[in-house]
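In case you want the letters, here they are:
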Amino acid sequence: MLLTDRVREKIAIEHLIPRGGHVVVGFSGGPDSTCLFDVLAELRDELGYTMSAVHINHSLRNIESAEDQRYVETLCEEFGVPLIVKIYDVAIVASHRGKSVEEAGRELRYAAFREAADKVAAERGVDPSIVRIALAHNKGDLSETVLMRIIRGTGPDGLVGVSADRDGDGGYRIVRPLLDISRADIEEYCYGRGFEPRVDSTNAETDYLRNSVRLELLPILRERYNPSVDDALARLSRAAAESRDYFDLIVNAAIETECEFAGAGDAEKSGKPADVGDAGRIDEPADASDAGKNDESADASDAEGDGFAYAEFPLESLRGLHPAIRHRLVVAVFGMLGLKQDIGFSHIIAADELIERGRTGKRTDFPGGYRFGVSYEKAVFIAPGRGDMPYEARSFKVAVADIGKTGEKTTLFQDSPLPIEAEVMDYDGELKSGRSLVLDYDALSSAATILRIRAKERGDRMFLPGVKGSKKLQDIFVDAKISREKRLTLPVLATEDEVLWIPGIRHTRLYAPEPGTKRVVILTPLI
């Protein structure tokens, strides 16, 4: 089957490019991207999409870089394909950002791809969901990526290598139509079409792990052990991807059902971020020195989260999950908070230990200033800049019997977000509450009640005066027009079983003074 036919088939089977859509092609001028550019240009009328190209001049190879740019400009003009050229001094950018040249170059490339996609969507008034960013990774790149990850040490997700279709920033999907094509077939295609692609002279240097794997390790494996090692690694990658996608379905369902997100988000957010997708994967950190060596070399992860500051998940539910699911869930939740790379297995083991022990107040550090903690049967995921532990991850308790003697005022929960003045008084039936909460002290005491200041918990309900049955706290917050991001941060007064009071909003009818009540406790917020 001709290479063009194979690409056409892959686009159709995997729905890589929608009819009526637009493709932004990353065009370095090398053999891989030249092949991709030419095939997509040939298929565009037949498959009903438009295309443009993006070339990044990294200013790293002086005359060679300028010649690469001219080569790309000439082909785009010949094929009538709009071209955006970005020229950066990547070495200077890397120095300013404190990163390697390779890592900075990768970030600039992906930013340029997104910017070009944004421009297309804005100028044509099209939905980002039908815009694709096409990159020229091939079967050889997949083999190299899988082997590099095995050499460095990886989990099952690392075996996926790179995907033919994945979520990208801004709602744009990243597609790789050449992922099943060998580098030899690509070079033969370019030769047969009369192209003279540009060759990066640094590709011959074996100082980088990727180049060493490509030029030294893979030839040995093909010659001595398996001539079809690239196909074998591709099958391994595909099997790992299928397993990963299945596990993601389970993780998504668990997060949707039991995880609460809050803080720092837009008030109109739903309280749930997007699906797992590429939110986070269990893998050892990538070697920055090899990331993005060429346009066709490495994958890149999105760096932004969904705007939430922390998340909570019931410990009992986490303990009940199989470790394979639990580990993925921990990584996925952090990914939704913004931590999408550099989580190693050592971090997962540290979190596992806290989950099993369940000791309130304990925490462990994750990369980038993120933290994982445990508080009162909840696992807490905390984004950077949120203090040591948010109060939502702690609980403040006091026994009613310890409040004090009749006629005395006592300050409760002094270090909490809701300090309260408590006063026990004889009840004459005419006491007015005002902004205070008045409860039957003897009824509370006889039940050995423990009062707590805490945040809203899943399933909380309140028995309101004049309302039959109970009402969900979520509905009470909606009625009071409390924004979603504040609902988990608003302190409530509760017993071990019931919510008694949301100061300034609603209070319970439970333990209300009755004609036979002898003593009451008056609770007044001090904030």
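Just above sits the structure.
Conventions we followed
Counting starts from 1 at the beginning of each chain's written sequence and moves along it residue by residue. Given that the model is predicted, a residue must reach a pLDDT of at least 70 before its local features are reported, and side-chain atom pairs must reach 80 or more before they are shown or counted; all residues, however, enter totals for whole chains, interfaces and linings. Side-chain descriptors were evaluated using all non-hydrogen atoms of the structure, hydrogens and water having been removed beforehand. In this description, strands pair whenever DSSP reports at least two bridges between them. Numbering of helices and strands runs from the N terminus; a helix is a DSSP stretch of H or I covering at least four residues, while a strand is a stretch of E covering at least two. Angular values range over 0 to 180 degrees, each being the angle between N-to-C directions of two axes fitted as lines to C-alpha atoms, with helices fitted over their stretch in contact. Whether two residues touch is decided by their heavy atoms; if any such pair falls within 4.5 Å, the residues are in contact. Remark: exposure states derive from per-residue accessible area (1.4 Å probe, protein chains only) relative to the maximum for the residue type, with buried under 20%, exposed over 50%, and partly exposed in between. Whenever a carboxyl oxygen of Asp or Glu lies within 4 Å of a side-chain nitrogen of Lys or Arg, that contact is scored as a salt bridge.

Caption draft 1: How the structure looks around the sheet that holds strand β7 (residues 260–262). Spatial strand order, β7-β8-β11-β10-β9: 5 strands in an open sheet with antiparallel pairing. The open sheet is flanked by β7 and β9 (363–365), the only strands paired with a single partner. In this sheet, adjacent strand axes meet at a mean angle of 15 degrees when their direction is disregarded. Looking at chain direction, strand β8 (residues 310–314) and strand β11 (residues 378–382) are connected through 5 bridges and run antiparallel. Looking across to β11, one finds that Tyr310 is bridged to Ile382. Sheet strands in contact with helix α9 (residues 229–258) are β7 and β8, and its direction is about 95 degrees off that of β8.

Caption draft 2: Focus on the environment of Asn203. Relative to the helices and strands, Asn203 resides in the loop between α7 (183–192) and α8 (209–225). Since its relative accessible area comes to 21%, Asn203 is described here as partly exposed. Measuring from C-alpha to C-alpha, the distance between Asn203 and Arg214 comes to 9.4 Å, with 11 residues separating the pair along the chain.

Caption draft 3: Here's a closer look at the pairing of strand β20 (residues 499–502). Summarising the sheet, strand β19 (residues 492–494) and β20 pair through 2 bridges and their orientation is antiparallel. What sits directly across from Ala494, in β20, is Val499. As consecutive antiparallel partners, β19 and β20 are separated by 4 residues. Where β20 meets strand β21 (residues 506–507), 2 bridges bridge the pair, whose relative direction is antiparallel. In the sheet register, Ile502 faces β21, and the bridge partner there is Arg506. Between β20 and β21, which pair antiparallel one after the other, the connecting turn spans 3 residues, and Gly504 there sits at a positive phi close to 85 degrees.

Caption draft 4: Region of the structure containing the pattern of salt bridges. Tallied over the entire structure, the rule returns 29 salt bridges. Asp141 serves as the salt-bridge partner of Arg183, at 3.1 Å between the closest nitrogen and oxygen. With Arg183 in helix α7 and Asp141 in helix α6 (residues 139–152), this residue pair connects regions lying 42 residues apart in the sequence. Note on Asp141: relative accessible area 1%, which makes it buried. Bridged by salt links that share partners, the residues Asp141, Glu144, Arg183, Arg210 and Arg214 form one connected network.

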